[in-house]
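If you want the building blocks of each chain, they are given just below.
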Amino acid sequence: MSAEMHTMVGVYALDALDHREQVGFEAHLSSCPSCSDELIGFRATVERLGGATATTPPPHLRDAVLQLVAHTPQERRVIPMHRSERWRQRMPLLVAAASVLIAAGVGALYIGELSRSSQEDDVIAATDASTSVERLDSGTQVKVIASESMDSAVVVMNRVPALEANTNYQMWAIGPEGAKSLGVMTADDIAEPTTRLVKGIDGVQSVALTVEPEGGSTQPTTKPLVKVQLT
Amino acid sequence: MVEPVPLHGDAAGVPETTLSTLMVRVAKGDEPAFAALYDRTCTAVHGLARRVVRDPARAEEITQEVYLQVWRTAGRYDPDRGSAKGWLLTLTHRRAVDVVRHDQASTNREAKYDWAGGPDIDVVDEQVMTRLEHEQVRRCLQTLTDLQRESVTMAYYGGHTYAQVSSLLRVNAATIKTRMRDGLIRLRDCLGVTA
Ligand SMILES: [Zn+2]
């Protein structure tokens, strides 16, 4: 097993392991000085492969990025921590939390606060994060970045249409048992982009956004503006 | 208030000390430093995203997400663990690979592009350093055996797992793993990577 592990360092440096193998190899890496050593050179090599491609992005992208940044709080973190270390620390807790959720069914959905950007970052940066996106012709875009291992997702909404008077947006998690509210958003909650952290995604098949009467509804009452299918 | 950032070099050839210094300033919320970081690295980040996902709109999304992530988490960047550009490219590659694998899973678009193609240069105002870097990488890729080169480029530029490479090339997985490692060793030595 261990001899086979040593051959994986190249595959790992190329990001060519699937998620599960990647986690397994990171565990090996922490206790294998020869792989860690070899990885340093491989990382630098792969960096040269990456740096050898060049495409100038369109100018509008620069404007969009700088504008987003001007409105995005930075994570407050003093000590840089290595990803795999954080991963190892959290792993047992996550496994425990996931089993509790499975035992309880899809009962633990709740929506986080907008300001918890570091939790959002952790989901976005998770090695198994996968992105599902739905775009409308109007330019509205809703993206769901979900991490199974963290049992969480970040919903990012761009160019959401303005609300009419006395209405709110409401976000829903749709699973085999129907729709569960992920929270109500008023016109004041809509930013560019609007982001929401969703914890407890076990069993969730899609995330939908509907327009509801002020204060929200217990079940969706309108056809979703956008529905993002998760994979 | 903010001292002007000296402008020299390009995405591929910026002295690393400059990028690391910029990263430190970005971590403190310095927006002009962030803009300078973007200007100096965006052709490399976007180029890699384009190379892996192929689709221009998807590549733009990845580029935007990577820079947003860099802004938010700049404080996590640790110069002792590698170069700033390496960090950016790692974030870009992982995200691009996620998108490719996700798209493959949902639409099964098995891309019909030239696997062995190596790096792309698709830039109007291509700069000298990038071209030199490109030439050197291409030359070194040619020193690999065909199977080593295909394994490395299909994984890195194609976003495929070694298991996918194995089934696409009809070569057993253990052999592919070994060829990826051997290929990287040869590439590392050819490029004169000293780390
Ligand atoms: Zn090892």
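Refer to the preceding data block for the structure.
Attention in this report is confined to the structure presented alongside it. Treat the numbers as computed from the prediction; the structure is a model and nothing was measured. (Residues numbered from 1 in each chain as written. Chains lettered and ligands numbered in written order. Predicted model: local features only at pLDDT ≥ 70, side-chain atom pairs only at ≥ 80, totals over all residues. Heavy atoms only, no water.)

Some details on the environment of Cys140 of chain B
All names here are of chain B.
Turning to step 1, where the next piece is worked out: Within the secondary structure layout, Cys140 lies in helix H5 (residues 128–142).
Turning to step 2, where the next piece is worked out: For Cys140, a relative accessible area of 0% gives the class buried.
Turning to step 3, where the next piece is worked out: With 46 residues separating them in the primary sequence, Cys140 and Arg186 have C-alpha atoms 8.2 Å apart.
Turning to step 4, where the next piece is worked out: With residues up to four places along the chain from it excluded, the contact list for Cys140 reads Leu187, Cys190 and Leu191. (Helix = DSSP H or I, 4+ residues; strand = E, 2+ residues; numbered from the N terminus. Buried < 20%, exposed > 50% of the residue type's maximum accessible area, 1.4 Å probe, protein only. Contact = heavy atoms within 4.5 Å.)

What about helix H4 (residues 33–51) of chain A?
Turning to step 1, where the next piece is worked out: The end-to-end C-alpha separation of H4 of chain A is 27 Å, in line with the 27 Å expected for 19 residues at 1.5 Å each.
Turning to step 2, where the next piece is worked out: Among the residues making up H4 of chain A, those that are buried are Cys35, Glu38, Leu39, Gly41, Phe42, Ala44, Thr45, Val46, Arg48, Leu49, Gly50 and Gly51 of chain A. (Expected span 1.5 Å × (residues − 1).)

Focus: the coordination of the zinc ion
Residues and elements named next belong to chain A.
Turning to step 1, where the next piece is worked out: Distances from the zinc ion to its protein donors, His6 (ND1), His28 (NE2), Cys32 (SG) and Cys35 (SG), fall within 2.0 to 2.3 Å.
Turning to step 2, where the next piece is worked out: Coordination at the zinc ion comes from four donor atoms whose angles at the metal span 105 to 113°, giving a geometry best classed as tetrahedral.
Turning to step 3, where the next piece is worked out: As a motif over one chain, the donors of the zinc ion read H-x21-H-x3-C-x2-C. Here His6 is found in helix H1 (residues 2–6), whereas its partner His28 is found in helix H3 (residues 19–30), with 22 residues between them in sequence. (Donors = N, O, S within 2.8 Å, 3.2 Å for Na, K, Ca; no water. Tetrahedral: all angles 85-135°; square planar, octahedral: opposite > 155°, others 65-115°.)

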